[in-house]
Amino acid sequence: MMSTLDWKLLRSVALAGVFTGLSGLTALMPVSAAAQSAVVRGLPDFTELVELAGPSVVNIRTTEKASARSGAGAMDEEMAEFFKRFGVPIPNAPRQQRPQQDEQPRGVGSGFILTADGVVMTNAHVVEGADEVIVTLADKREFKARIVGADKRTDVAVVKIEASGLPAVKVGDVSRLKVGEWVMAIGSPFGLENTVTAGIVSAKQRDTGDYLPFIQTDVAINPGNSGGPLINMRGEVVGINSQIYSRSGGFMGISFAIPMDEAMRVSEQLRASGRVTRGRIGVQIGPVTKDVAESLGLGKAQGALVTGVESGSPAEKAGVEAGDIIIRFEGKAIEKVADLPRLVGNTKPGSKSSLTVFRRGQSRDLAVTIAEIEPDKVAVKTTDREERAKASSAGQQVGLTVTELPDAQKKELKLKGGVLVSAAVDGAARAGLREGDIILAIANTEVSGVKDFDAILGKVDKSKTLSVLYRRGEWAQYALIRPAPAR
């Protein structure tokens with residue numbers, strides 16, 4: 001008889017034979033090249049990348065002049081002198097006060113050497129408000145830097161140190177960057193210089209601002225990392241670490257980097273003139289929802305909805321109207337609302353460009369001359385104190401009561417027509433309309449006055465969703481009045 005040990009030994013041998021046979025069968029099964037590569041490649045080794053890119057990364061410290069009234073709890077200087085002269089203790093003053101300093105630390109950030117002659121790139125918020133910028137190289141040499149220029153809209157800044165023969169970074173091609181690709185960051189989180197973190201690209205073209213489609217990663221980024229490089233596995237800089245998503249103030253697994261191609265465009269202008277010039281056409285825009293697109297016959301939700309046109313702007317001169325949907329700029333499709341300001345902003349002021357707008361069921365091509373961007377204008381409030389004409393009751397079936405729009409108000413708002421909402425209830429109220437709104441078009445048809453409004457409503461199918469283009473203050477947008485539910 002076999003002992004228990006013999007049975008265990010025999011079973012182990014048998015199982016080994018079975019698994020050996022299965023592995024042989026597995027070897028005969030076709031495996032894709034990508035799968036084989038993934039198995040063989042394993043986790044990346046960043047040591048060579050750190051040696052290659054590390055010397056190009058710098059620490060940036062900023063200082064600002066201390067306030068002249070920062071001592072004695074910001075107490076009035078004459079009052080502090082009174083207490084001091086008569087030997088009376090200063091109220092609420094600490095027992096030992098440090099001597100007042102002319103300059104005090106302001107912040108810490110990161111950056112990287114763009115050219116061998118001392119051009120350094122970082123974030124605009126790192127150097128904003130600084131009286132002095134100190135750049136520390138990886139070899140511990142320190143230089144006072146001059147701010148060449150900073151652009152708040154993209155959060156890109158360029159500073160210059162007087163040095164030569166510096167190790168400059170290699171700039172990578174952002175278009176080759178893929179979601180899931182390994183990337184690395186080097187910076188000074190919390191002032192800890194030359195800190196290396198790594199992760200993968202989580203998403204591209206992430207919209208968090210008007211002018212930048214950010215690179216989203218899970219690379220650990222914390223205060224002090226701002227301005228440092230995001231580096232791919234080829235040792236190339238593909239982004240500038242700029243923002244994090246956080247509810248605690250620290251890293252929570254999501255960080256954002258400025259794409260290097262966008263940053264280089266900005267830096268070239270900053271180095272040439274110290275400022276960034278952007279194009280503008282003078283429109284306020286909003287997203288196009290699926291419901292609005294379907295109700296207007298646009299098909300799919302795309303483009304930028306014009307909610308307002310600035311007076312005297314290039315858009316107004318080109319014939320753009322509130323309620324238009326801009327679907328193409330210079331032949332390039334506007335897939336989402338953020339596409340338009342980026343395309344227009346990158347266009348040189350003074351150049352002539354083409355716009356394609358979707359208006360009342362048809363596409364129209366318009367020519368527009370690009371102007372230079374300027375500070376946003378303050379909206380001017382309109383008044384409706386003038387005497388109104390007799391109200392129309394035709395719109396009561398959809399919850400609207402309207403009156404004629406006074407001529408003075410039309411002139412002030414530069415409108416050709418429209419009616420004034422004096423009451424909105426039921427379906428109109430649920431659609432978001434309210435007293436004081438100006439209806440410009442209904443069912444994709446312009447409204448010139450109350451008589452026109454009544455005629456249009458008399459022809460529409462009340463059992464279907466009704467699209468209404470209206471203006472509120474300086475902005476125009478669409479509302480959808482849906483038929484009342486059957487009881």
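What counts as what
Residues numbered from 1 in each chain as written. Predicted model: local features only at pLDDT ≥ 70, side-chain atom pairs only at ≥ 80, totals over all residues. Heavy atoms only, no water. Helix = DSSP H or I, 4+ residues; strand = E, 2+ residues; numbered from the N terminus. Buried < 20%, exposed > 50% of the residue type's maximum accessible area, 1.4 Å probe, protein only. Contact = heavy atoms within 4.5 Å. Areas by Shrake-Rupley, 256 points an atom, 1.4 Å probe, with all protein chains shown as cover. pLDDT = per-residue confidence, 0-100. Salt bridge = Lys/Arg side-chain N within 4 Å of Asp/Glu carboxyl O. Expected span 1.5 Å × (residues − 1). Pairing = 2+ DSSP bridges. Phe/Tyr/Trp six-rings, centres within 6.5 Å; stacked < 30°, edge-to-face > 60°. Polar contact = N/O pair within 3.5 Å; in protein donor to acceptor, adjacent residues only side chain to side chain. Patch = residues over 30% accessible without salt bridge, like charges linked within 9 Å, V, L, I, M, F, W, Y side chains within 5 Å. Core = buried A, V, L, I, M, F, W, Y, C linked by side-chain atoms within 4.5 Å.

## Digging into the overall build of the protein chain
- Helices and strands together make up the secondary structure of the protein chain, namely 12 helices and 27 strands.
- The 487 residues of the protein chain split such that 43% are buried.
- Pairs at least 24 residues apart make up 62% of the contacts formed inside the protein chain by residues separated by at least 6 positions.
- Total accessible area on the protein chain stands at roughly 27000 Å², and carbon and sulfur atoms take up 53% of it.

## Section: the confidence of the model for the protein chain
- Averaged over all residues, the pLDDT of the protein chain equals 80, while 76% of them reach at least 70.
- Element-level mean pLDDT values for the protein chain span from 44 in helix α1 (residues 4-28) up to 97 in strand β11 (residues 229-232).
- pLDDT under 50 marks residues 68-75. Its contacts with residues more than four places away, or in other chains, come to 12 contacts.
- Scored below 50 in pLDDT, residues 375-391 shows 23 contacts in the model against residues more than four places distant or in partner chains.

## Quick look at the pattern of salt bridges
- Scanning the model with the defined rule gives 19 salt bridges in all.
- Two residues, Arg275 and Glu372, come together in a salt bridge whose shortest N-O distance is 2.7 Å. Of the two residues, Arg275 sits in the loop between α6 (260-273) and β14 (279-280) while Glu372 sits in strand β21 (residues 371-372), which places them 97 residues apart along the sequence.
- Judged by relative accessible area, Arg275 falls into the partly exposed class, the value being 42%.
- A relative accessible area of 35% means that Glu372 is categorised as partly exposed.
- For the salt bridge of Arg359 with Asp324, the shortest nitrogen-to-oxygen distance reads 2.7 Å. Placement of the pair is Arg359 in strand β19 (residues 352-359) and Asp324 in the loop between α8 (314-318) and β17 (325-329), with a sequence separation of 35 residues. Just as Arg359 is buried, Asp324 falls in that class too.

## A closer look at α6
- Taking 1.5 Å as the rise per residue, α6 with 14 residues should run 20 Å; its terminal C-alpha atoms sit 20 Å apart, in good agreement.
- Note on α6: the residue one or two positions beyond its end, Gly274, has a positive phi of about 80°.

## A look at the environment of Ile325
- Among the secondary structure elements, Ile325 is positioned in strand β17.
- Taking the relative accessible area as the measure of exposure, Ile325 reaches 0% and is therefore buried.
- C-alpha of Ile325 to C-alpha of Leu305: the two residues are 20 residues apart in sequence and 4.4 Å apart in space.

## Considering the pairing of β11
- Residues Pro229 and Ile231 point to one face of β11 and Leu230 and Asn232 to the other, with burial holding for every one of them.
- Across 3 bridges, the pairing between strand β8 (residues 182-187) and β11 is antiparallel. Bridge pairing in β11 links Ala185 to Leu230.
- Sheet analysis places β11 next to strand β12 (residues 236-244), joined by 3 bridges and oriented antiparallel.

## Here's the deal with the packing of aromatic side chains
- Counted under the stated rule, the structure contains 2 aromatic pairs.
- When the ring of Phe46 is compared with that of Trp182, the centres are 5.9 Å apart and the planes differ by 65°; the resulting orientation is edge-to-face. With Phe46 in the loop between α2 (33-41) and α3 (47-53) and Trp182 in strand β8, the pair connects residues that are 136 residues apart, well separated along the chain.
- Its relative accessible area of 16% is what places Phe46 among the buried residues.

## Description of the environment of Leu114
- Within the fold, Leu114 resides in the loop between β2 (103-113) and β3 (119-122).
- Once residues lying within four places of it in the same chain are set aside, the contact partners of Leu114 are Val119, Val120, Met121, Ala168, Val169, Val171, Met260, Met264, Ser267 and Arg271.

## A look at the side chain of Ser255
- Here Ser255 shows up in strand β13 (residues 255-259).
- Under the relative-accessibility criterion, Ser255 is labelled buried at 1%.
- Side chain to side chain, Ser255 and Thr217 meet in a polar contact 2.8 Å long.
- Within polar-contact distance, the side chain of Ser255 engages the backbone oxygen of Val219 at 3.0 Å.

## Looking at a nonpolar patch on the surface
- Taken together, the side chains of Leu43, Trp182 and Met233 make up a nonpolar region of the molecular surface, amounting to roughly 310 Å² of accessible area.
- By relative accessible area, which is 31% here, Trp182 ends up partly exposed.

## A look at the nonpolar core
- Formed by 37 residues in total, the largest nonpolar core has its most connected members in Phe112, Leu114, Met121 and Met260.
- With 5 residues, the single largest contributor to this core is α6.
- By size, the runner-up hydrophobic cluster in this structure holds 21 residues, among which are Leu433, Ile442, Ile456 and Leu457.

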